[in-house]
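Commentary on secondary and tertiary structure
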Amino acid sequence: MGKKKSVVLITLISVVVAFLCLLTMFPSFGIPFPVDGTWKTWNPVVNQFALSSDLGGGYYTYYYPQGVIPASEYESNYENISDEDEQKEYKDSYVAWKGLYLEKAETSIFDDEDTASAATVSQEFRTQFAKATKLIMSRIEAKGYSASRVAVVDDFAIRMELPASEVNFATAFQTFGNVGKLELQKGGVVLEELEDADITDFIKSFKVRTQYGQVVYVETKLTKAGKELFKGLKSELTASTDTSGEGTTVDVTLGGEAIMQIYSDFISDDGEVRAAYKIEYKDVFETWGIVLNSALEDGYSEISFAELQTDSVRRFDPVYGENALDLLYIALGIILVLAIVLPIVFYRGYGVSCMYSTLSYLVVVAICFAFISKTAFEVSVGSVLIFLLGLLLVNYFNVRLYNECKAGIERRIPESAMSAAYKTTLWEMVDTYAVLLLGAIIFLTTVGGVYTMALQALICLVTAAFCSLLWGRLINYLYMSAAKDKYKYFHFERKEVEDND
């Protein structure tokens, strides 16, 4: 390629890379909005990461089955009773269990109130509590948080933690804790067809989709029997445009709570069901979609948890401290500066082309991390380590190429020496990235945080492979074409050699 064309392409690429770097890292600041003059805030990509609890903190709450209360609540209630007889009656109505109190009158916990004691907690209650715990854990895993926690506390309570990146955390807590039975109701009564059949005989799964960025759809995948059922019900239901407030709908309920309503216009002529809602409910219904499918596939528990109060959800600080994110960004900034400056110092012009690979890797990975599934694709310390692995690979192969080129400069001109260096290191690059990518793909078969980490690893490795195998080579070729003295470009000493190629 001619020198002029190379200069033009380098200039265009430099502008694009510089713009993306500003988009990724430029500090936040207020900017005037041109329409109404109000001030808005510019947020770079690095400020839009969904952070896991180890870097961004999160929220936690406790689930208590009906009839189970924490010791703090028991003691508060006891102290607020002024009458001694009522205090004694209250005390006699509970059984102490570690840091909890179990209500004797709760038939789901004790078979007989008169014989209720710590030794007579029913096996059925234990079994149903274990099943409820398993359901909640499977739902958290399906959500794909990179760092979340479900723990059993004092045998009969559950502590759940969610990262601060979960915007609808209150809804998520309430939703995940609904482990009741999935039913179809009309007018508050379970459909007759379900009395002697299982709901899986009619419904296969639920899918949450969007259309034109304006509407969120909950597609109910039906069996043949399910399609016939809804075709028959369509004429009995009212349309979603009915504003009278007295319409008839089929309600999808979980534990008696109506999750979504199906109107006549949500049912197609062939029986397919697509429930449409405003786009602002998308995150909520994505969570509900996970819970509905969980109830459909894994069943339900007869345990019901006490309703969560607003003040029962609390915030906790990042695992590594409040300043962990700032310190991490400082450390990453130092590493990136070294990855840019050192190659330029040692390799001169070739080091400049290496800088493009480093910056390109940074912006592509950062943008992917920021805008792929914000509620479940949190950036954690593990994500940073994966990012650094990709950065290390990009720079390692840049160094390998330079050393191979330097070794061959004794018998070749710089252009041929670099071409030979690419041929020599090609399969080393391909083998390295192929093995690592295969490992990441294998872990995609897992769930929860491991799946998220595997997906992040794929992004880093694919981007690094692109920079090493294609992008870095293109930039190096353009700079070599534009350089007047190829030896100075590589920081080599000029020697009179004959090209043996």
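Conventions adopted
Residues numbered from 1 in each chain as written. Predicted model: local features only at pLDDT ≥ 70, side-chain atom pairs only at ≥ 80, totals over all residues. Heavy atoms only, no water. Helix = DSSP H or I, 4+ residues; strand = E, 2+ residues; numbered from the N terminus. Buried < 20%, exposed > 50% of the residue type's maximum accessible area, 1.4 Å probe, protein only. Areas by Shrake-Rupley, 256 points an atom, 1.4 Å probe, with all protein chains shown as cover. Lys, Arg positive; Asp, Glu negative; His and termini not counted. Charge placed at Lys NZ, Arg CZ, Asp CG, Glu CD. Axes fitted to C-alpha atoms, helices over the stretch in contact; angles between N-to-C directions. Parallel < 35°, antiparallel > 145°, perpendicular 65-115°, else oblique. Contact = heavy atoms within 4.5 Å. Nonpolar A, V, L, I, M, F, W, Y, C, P; charged D, E, K, R; others polar. Pairing = 2+ DSSP bridges. Patch = residues over 30% accessible without salt bridge, like charges linked within 9 Å, V, L, I, M, F, W, Y side chains within 5 Å. Salt bridge = Lys/Arg side-chain N within 4 Å of Asp/Glu carboxyl O. Phe/Tyr/Trp six-rings, centres within 6.5 Å; stacked < 30°, edge-to-face > 60°. Domains from an automatic or database assignment. Left-handed = near helix turned anticlockwise from the far one by under 90°.

Some words on the overall build of the chain
Helix and strand content of the chain: 14 helices and 16 strands. Its C-alpha atoms put the chain at 105 × 60 × 55 Å along the principal axes. Residues classed as buried in the chain amount to 46% of the 501 residues present. Accessible area of the chain: about 26,000 Å², with a carbon and sulfur share of 56%. Placing the 43 positive and 64 negative side-chain charges of the chain at their respective mean positions leaves the two points 17 Å apart.

Overview of the packing of helix α9 (residues 324-347) against helix α11 (residues 381-408)
The geometry of α9 relative to α11 is characterised by a closest axis approach of 12 Å and an angle of 5° between their N-to-C directions. By the angle between their directions, the pair α9 and α11 is classed as roughly parallel. Residues Leu328, Leu332, Ile335, Leu336, Ala339, Pro343, Phe346 and Tyr347 of α9 form the contact with α11, whose own contacting residues are Val384, Phe387, Leu388, Leu391, Asn395, Val399 and Tyr402. Here the residues of the contact of α9 with α11 are counted per class, giving 14 nonpolar, one polar and no charged.

Some words on the sheet that holds strand β14 (residues 257-262)
In space, the four strands of this open sheet follow the order β10-β9-β13-β14, with antiparallel pairing throughout. On the outer flanks of this sheet lie β10 (189-190) and β14, each paired with one strand and no other. The sheet contact formed by strand β13 (residues 250-254) and β14 spans five bridges and is antiparallel. When the bridges of β14 are listed, Asp251 appears paired with Gln261. Contacts from helix α8 (residues 282-298) reach β9 (182-186), β13 and β14, with the element oriented near 105° to β14.

Some points on a nonpolar patch on the surface
Together, Leu327, Ile330, Ile334, Val337, Leu338, Val341, Leu342, Val345 and Phe346 line one region of the surface with nonpolar side chains, adding up to about 840 Å² of accessible area. Within the secondary structure, Val341 sits in helix α9. Judged by relative accessible area, Val341 falls into the partly exposed class, the value being 39%.

Overview of the packing of aromatic side chains
Counted by the stated rule, this structure contains 25 aromatic pairs. Seen in terms of ring centroids, Tyr62 and Tyr64 are 6.1 Å apart; in terms of plane orientation they differ by 20°. Their pairing is stacked. Each ring, one from Tyr63 and one from Phe305, has its centre 5.4 Å from the other, and the planes form 45°; the classification is tilted. Linking Tyr63 in strand β3 (residues 58-63) with Phe305 in the loop between α8 and β16 (314-316), this pair joins segments that are 242 residues apart in sequence. The burial state of Tyr63 is the same as that of Phe305; both residues are buried. One aromatic cluster is present, built from ring pairs that chain together Tyr74, Tyr78, Tyr90, Tyr94 and Tyr101.

With respect to the pattern of salt bridges
Counted by the stated rule, this structure contains 13 salt bridges. Here Arg149 and Glu161 are joined by a salt bridge, their closest N and O atoms 3.6 Å apart. With a gap of twelve residues between them, Arg149 in strand β7 (residues 149-153) and Glu161 in strand β8 (residues 157-163) connect regions that are remote in the sequence. For Arg149, a relative accessible area of 44% corresponds to the partly exposed category. Its salt-bridge partner being Asp269, residue Lys234 comes within 3.1 Å of it at the nearest N-O pair. A residue pair is termed long-range when its members are at least 10 positions apart, and Lys234 in the loop between α7 (224-233) and β13 and Asp269 in the loop between β14 and β15 (273-278) qualify at 35 residues. Within the structure, one salt-bridge network assembled from shared partners comprises Arg209, Glu219, Lys221 and Arg274.

Let's talk about the sheet that holds strand β4 (residues 68-70)
The strands making up a sheet associate through backbone hydrogen bonding, with each pair oriented either parallel or antiparallel. Across the sheet, which stays open at both edges, the three strands sit in the order β4-β6-β5 with antiparallel pairing between neighbours. Looking at the sheet topology across the chains shown, the edges are occupied by β4 and β5 (94-97). Each strand axis lies, on average, 30° off the axis of its neighbour in the sheet, ignoring direction. Strand direction decides the pairing type here: β5 and strand β6 (residues 100-103), joined by four bridges, are antiparallel. Residue pairing in the sheet places Trp97 in a bridge with Leu100 of β6.

A short note on the domain arrangement of the chain
For the chain, the domain assignment lists domain 1 (3-29 + 39-49 + 320-490), domain 2 (58-178 + 303-315) and domain 3 (180-300). A C-alpha centroid distance of 49 Å is found between domain 1 and domain 2.

Some points on the packing of α9 against helix α10 (residues 349-371)
Across the interface, α9 lies against α10 with an axial gap of 6 Å and an inter-helix angle of 165°. Our classification of the angle between α9 and α10 gives roughly antiparallel. As α9 packs across α10, the resulting crossing turns out to be right-handed. The residues of α10 that touch α9, namely those facing Leu336, Ala339, Ile340, Pro343, Ile344 and Tyr347, are Gly349, Tyr350, Gly351, Val352, Cys354, Met355, Thr358, Leu359 and Leu362. Of the residues contributing to the contact of α9 with α10, the split by class is twelve nonpolar, three polar and no charged.

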